[in-house]
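Chain and residue survey
For reference, the chains in residue letters:
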Amino acid sequence: MRDESTQSLYEFNKDLSTVSDESLRLELEQSYRIINALSSSYHDVYYANLETGNMRSYRYSRITQEMFGRQFENGDFETNLYTYVRKAVHPDDQELFEPVLTRASIKKVFERQDSYSLKYRVVQDGEIHYCRCLVVKILGRPEEFVFAFQNRDREMMMESEKKNDMKRRMDIVMSMVKMYDNSLYVNVSSNRFLELKISPAIRDMIDKTRTYDSQLANVIENAVTRDYQEAMREFLDINTINERMGFKNVMSMEFKGRTTGWSEAYLIVGNRDADGLVEDVFVATRGINEEKLQKLLQQEQERKQNNQLTEALRLVNSANEAKKLFLQDMSQDIRFSLNDIRRLADISWLDLEHPERMSGERMQQIVASMRQIGEISDVLQKMVDSALKKALEE
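Residues numbered from 1 in each chain as written. Predicted model: local features only at pLDDT ≥ 70, side-chain atom pairs only at ≥ 80, totals over all residues. Heavy atoms only, no water.

1. Here's the deal with the sheet that holds strand β8 (residues 192–197)
One key point about sheets: their strands pair by backbone hydrogen bonds, in either a parallel or an antiparallel sense. Sheet architecture is open: five strands sit in the order β8-β7-β11-β10-β9, paired in antiparallel fashion. Each end of this open sheet is capped by a strand with a single partner; those strands are β8 and β9 (250–257). Neighbour to neighbour, the strand axes of the sheet diverge by 20° on average, direction disregarded. Sheet topology places strand β7 (residues 182–187) next to strand β11 (residues 278–287); six bridges connect them, and they run antiparallel. Its bridge partner lying in β11, Y185 is registered against F282. Sheet strands in contact with helix α6 (residues 153–179) are β7, β8, β10 (261–272) and β11, and its direction is about 170° off that of β10. (Pairing = 2+ DSSP bridges. Helix = DSSP H or I, 4+ residues; strand = E, 2+ residues; numbered from the N terminus. Axes fitted to C-alpha atoms, helices over the stretch in contact; angles between N-to-C directions. Contact = heavy atoms within 4.5 Å.)

Structural data, given as structure tokens:
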């Protein structure tokens, strides 16, 4: 058996209690913990010896086995790493491995530092994957080192999402600068704010050294009319924003400024944490005085039209009621006389087709009946007109 001072960490990684040198054992235990830590997050971990050039796998991933079989379980470090770089690494990233491609180059690296890492891309089945290679010197064993490989696809996806989120937030900032008269970025947890755009009317009220809450009270007191101050305090309160906002990303309310007239305030969510709670928010206002006045004018016109329609309906109902009352109040004698005359006239009218059958007296009765019908009709029409006029005047 070789002396324990020259035995490799790989041979001792199962039971370090056999090492009698206390300081060496502690260094080996620390290195062993490092390897175990690497194995928890790196899919391939290998031990290598700079003197012999031999390597052994400590953790060998299924993906690597599918690409290279059992080739990397052991063998010559330089040969295996060269094979991996030429067959798996993206052509544009192969030169990144030059500092660790040979034992001689690794020795030079370890003269300056205890570890070396690089990020690169792998091509597998026509798809590009992102990876990281880490080379770590074993403490107390200058001729031994560990190199590990890690997939970074999830990390890159998160970085991409973060960049997209940052771009989205910058787009919001640029839009707010263009669209709004005043805009602030507010961090909910720290209660601090950053000015994005401030109008001259508000600038003198802003003190950058103060918190958002304390600054808000001062601005509302001086810029908002008294009737809207309490509503504005509740609307712009970031301490209750999660309860009020819920799953919404935008809220707004109208208010009236002391010097600016009608305005609209907005709360726009910038970012949420993993639990969906608001981390930061954009606060903005814009003047809507002209829009609001036009809206109020339109509402007034609609109100007047509604009133006119209501009055016209009332007049029609009054006229109908007048007719109804008139018919109810009509004398029974007038109605009976009128009915008799009309029946007589209807019967007599049949004889007009045979005038030779009618006597002179009968003819006079027909003429008199027709005259009486016309007179009664005139009287009734005057009564209806009078009733309608009276109803309209009321």
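2. Details of the packing of aromatic side chains
Counting across every chain of the model gives 18 aromatic pairs. Taking 5.3 Å as the distance between ring centres and 85° as the angle between the ring planes, the aromatic pair formed by F77 and F145 counts as edge-to-face. Highlighted residues: F77 in helix α4 (residues 77–88) and F145 in strand β6 (residues 144–151), separated in sequence by 68 residues. Residues F97 and Y120 carry aromatic rings whose centres are separated by 4.8 Å and whose planes lie at 70° to one another, so their mutual orientation is edge-to-face. Of this pair, F97 sits in the loop between α4 and α5 (103–112) while Y120 is found in strand β4 (residues 115–124), placing the two residues 23 residues apart along the sequence. In this structure, F97 and Y120 share a single accessibility class: buried. (Phe/Tyr/Trp six-rings, centres within 6.5 Å; stacked < 30°, edge-to-face > 60°. Buried < 20%, exposed > 50% of the residue type's maximum accessible area, 1.4 Å probe, protein only.)

3. Regarding the layout of surface pockets
Here the idea is plain: a probe the size of a water molecule rolls over the atoms and shows the empty space left. When its volume is computed, the largest pocket comes out at roughly 520 Å³. Along the wall of the largest pocket there are 32 residues; nearest its centre are N182, I202, V219, A223 and T285. Secondary structure elements with two or more residues in the lining of the largest pocket: β7, α7 (200–203), α8 (212–223), β9 and β11. Among the elements that make up the lining of the largest pocket, the one with the highest residue count is α8 (seven residues). (1 Å grid on protein atoms, 1.4 Å probe; cavity = no way out; pocket = protein on both sides within 12 Å on 5 of 7 lines; lining within 4 Å. Points joined across faces, edges and corners; volume = space filled by probe spheres on them.)

4. Comments concerning the side chain of D280
Looking at the element boundaries, D280 is found in strand β11. Only 2.8 Å separates the side chain of D280 from the backbone nitrogen of N271, close enough to count as a polar contact. Beyond its immediate chain neighbours, meaning those up to four positions away, D280 contacts R169, Y185, V186, N187, V188, V269, G270 and N271. (Polar contact = N/O pair within 3.5 Å; in protein donor to acceptor, adjacent residues only side chain to side chain.)

5. With respect to the environment of N222
Following the sequence through the fold, N222 ends up in helix α8. A residue is classified by how much of its surface remains accessible, and N222, at 39% relative accessible area, is partly exposed. As for N222 and G257, which are separated by 35 residues in sequence, their C-alpha atoms are 9.0 Å apart. Look past the residues within four positions of N222 in its chain and what remains in contact with it is M205 and R258.

6. What to know about the environment of R258
Structurally, R258 can be placed in the loop between β9 and β10. You can call R258 partly exposed: its relative accessible area is 42%. Each C-alpha atom of the pair R258 and T225 lies 5.2 Å from the other, and the pair is 33 residues apart in sequence. Other than its neighbours up to four places away in sequence, R258 contacts E221, N222, A223, V224, T225, R226 and Q229. Within the local environment of R258, its side chain forms a polar contact with the backbone oxygen of E221, the two atoms lying 3.4 Å apart. Within the structure, the side chain of R258 is placed 3.3 Å from the backbone oxygen of V224, a separation counted as a polar contact.

7. Notes on the sheet that holds β6
Read from one edge to the other, the open sheet built from six strands follows the order β3-β2-β1-β6-β5-β4, with strand pairing classed as antiparallel. Each of the sheet's edge strands pairs with one partner strand only, and the pair in question is β3 (74–76) and β4. Across the sheet, the mean angle separating the axes of adjacent strands is 25° when strand polarity is ignored. Where strand β5 (residues 127–137) and β6 come together, seven bridges link them in antiparallel fashion. Residue pairing for β6: V136 is matched across the bridge by V146. Across the face of the sheet, α5 comes into contact with β1 (44–49), β4, β5 and β6 while running at roughly 65° to β5.

8. Section: α6
The terminal C-alpha atoms of α6, which comprises 27 residues, lie 38 Å apart, in line with the 39 Å expected from a rise of 1.5 Å per residue. For α6, every residue scored as buried is listed here: R169, I172, V173 and M176. The secondary structure elements touched by the buried residues of α6 are β7, β8, β10 and β11. (Expected span 1.5 Å × (residues − 1).)

9. Topic: the environment of D227
Relative to the helices and strands, D227 is located in helix α9 (residues 226–235). A sequence separation of 28 residues divides D227 from F255, and the C-alpha atoms of the two residues are 8.8 Å apart.

10. Observations concerning α8
An α-helix turns once every 3.6 residues. As a result, residues three or four positions apart point the same way. Taking 1.5 Å per residue as the helical rise, α8 with its twelve residues ought to reach 16 Å, and the 16 Å between its terminal C-alpha atoms agrees with that figure. Those residues of α8 lying buried are Y212, Q215, L216, V219, I220 and A223. Down the axis of α8, the smallest arc covering the buried residues is 130°, so these residues share one side. Looking at the buried residues of α8, the elements they touch are β7, β8, α7, α9, β9 and β11. (Arc of directions from axis to C-beta.)

11. What to know about the nonpolar core
Within the largest apolar cluster, 29 residues are counted, with the highest numbers of intra-cluster contacts made by V186, Y212, M232, L236, L267, V281 and V283. Counting residues per element, the ones that place at least two in this core are β7, α8, α9, α10 (241–245), β9, β10 and β11. For this core, the element with the most residues is α8, which contributes five residues. V283 has contacts with M176, N182, S183, L184, V186, Y212, L236, Y266 and L267, leaving out every residue within four places of it along the chain. (Core = buried A, V, L, I, M, F, W, Y, C linked by side-chain atoms within 4.5 Å.)

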